[in-house]
Amino acid sequence: MIVTKLLLSLHVLAAIVAIGPVTVAASMFPAALRRGDRAQLAILHRICRVYAVLGLAVPVFGFATASSLGVLGDAWLLTSIALTAVAAAVLGFAILPAQAAAVAGNPAVPARLGMTSGVFNLLWATVVVLMIVRPGSTTGA
Ligand code: HEM
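Computed from a predicted structure; not experimentally measured. (Residues numbered from 1 in each chain as written. Predicted model: local features only at pLDDT ≥ 70, side-chain atom pairs only at ≥ 80, totals over all residues. Heavy atoms only, no water.)

S.K.: Can you explain the site of the ligand? Please cite residues and give values.
M.R.: In the vicinity of the ligand lie 22 residues, with H11, G62, W124, M131 and R134 positioned nearest. H11 has a polar side-chain atom sitting 2.7 Å from a nitrogen atom of the ligand. Within the side chain of R134, one N or O atom sits 3.1 Å away from an oxygen atom of the ligand. Counting residues per element, the shell around the ligand draws most heavily on helix α3 (residues 57-69), at 7 residues. Residues belonging to the shell around the ligand are distributed by class as follows: 17 nonpolar, 4 polar and 1 charged. (Near = heavy atom within 4 Å. Polar contact = N/O pair within 3.5 Å; in protein donor to acceptor, adjacent residues only side chain to side chain. Helix = DSSP H or I, 4+ residues; strand = E, 2+ residues; numbered from the N terminus. Nonpolar A, V, L, I, M, F, W, Y, C, P; charged D, E, K, R; others polar.)

See below:
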């Protein structure tokens, strides 16, 4: 029980500390690109890259919490895992490469980066709601 609470705390802490900065930095990137602010592009990209790696702690502690609670087969959790995987793919295969190209001086389209960042943010927001509402779950409130 105490172990579950510790794992859940680390899971939520990782989500706040790692996903939060990525959300903000990825959202600020397109505007910096439009302004042509190269110094800011570099720092925003660096924040996204570093905190994306730190964000791997979220699913790690998520799985640990889930197995500790015995809810690994629950529909709400499987849906969350799938959405988390999609969000990670959008970040790793769309947002970060486009940012890297922009930082390197290649013309990336700001509108497209704005769109992929928006999709990413929506995916996280959906997972957070799923984590809290847990539709169909009979464990806890
Ligand atoms: C592979 C992905 C994930 C797994 C396996 C997972 C697993 C879990 C589990 C088992 C719980 C405990 C639910 C309960 O108390 O019954 C939980 C809670 C929570 N998760 Fe996740 N999670 C994942 C991804 C995420 C992501 C991406 C976020 C946010 C960005 C997130 C945010 C939260 C929050 C805020 C809670 C607390 C909800 C509450 O107790 O009311 N999780 N997660």
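S.K.: Break down the packing of aromatic side chains for me, with residues and values.
M.R.: The description of an aromatic ring pair rests on the distance of the ring centres and on the angle between the ring planes. Tallied over the full model, the rule gives 1 aromatic pair. Aromatic pair F120 and W124: ring centres 5.3 Å apart, planes at 85°, arrangement edge-to-face. Taken together, the residues F120 and W124, both in helix α5 (residues 110-133) and 4 residues apart, mark about one turn of the helix. Owing to a relative accessible area of 13%, W124 belongs among the buried residues under this scheme. (Phe/Tyr/Trp six-rings, centres within 6.5 Å; stacked < 30°, edge-to-face > 60°. Buried < 20%, exposed > 50% of the residue type's maximum accessible area, 1.4 Å probe, protein only.)

S.K.: Would you mind going over the side chain of T116 in detail, with residue names and values included?
M.R.: Looking at the secondary structure, you find T116 in helix α5. A distance of 3.1 Å separates a polar side-chain atom of T116 from the backbone oxygen of L113.

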